[in-house]
Amino acid sequence: MGAFQGQSSQASSIDELLRRMDRGDFDLVAIGRSLLSDPAWVKKVREGRLEELSGFNNQSLATLV
């Protein structure tokens, strides 16, 4: 909900996410805001180009309109 109030977020390390996924904390991870900010997100993660990931900002929501 913070995104609709103009809050931004920066890309962060995926290590904690992977640790928790391996531990079985959850089965599914939503990456919607990441894809709005960076349509190449999946390709960059797959190729290990994590330093190139873009953060989310509220202007990214304009792509939905």
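Structure: see above.
Below you will find a few notes about this structure.

About the cut-offs
Residues numbered from 1 in each chain as written. Predicted model: local features only at pLDDT ≥ 70, side-chain atom pairs only at ≥ 80, totals over all residues. Heavy atoms only, no water. Helix = DSSP H or I, 4+ residues; strand = E, 2+ residues; numbered from the N terminus. Salt bridge = Lys/Arg side-chain N within 4 Å of Asp/Glu carboxyl O. Buried < 20%, exposed > 50% of the residue type's maximum accessible area, 1.4 Å probe, protein only.

Another point: the environment of Pro39. In this fold, Pro39 is placed in the loop between helix H2 (32–37) and helix H3 (41–46). Sequence separation of Pro39 and Ser54 is 15 residues, and the distance between their C-alpha atoms is 9.6 Å.

Applying the stated criterion across every chain, the model contains six salt bridges. Residue Asp38 is joined to Lys44 by a salt bridge in which the shortest nitrogen-to-oxygen separation is 2.8 Å. Of the residues examined, Asp38 reaches a relative accessible area of 4% and is grouped as buried. Residue Lys44 is classed as buried on the basis of its relative accessible area, which comes to 11%. Among the charged side chains, a salt-bridge network with shared partners connects Arg20, Arg23 and Asp25.

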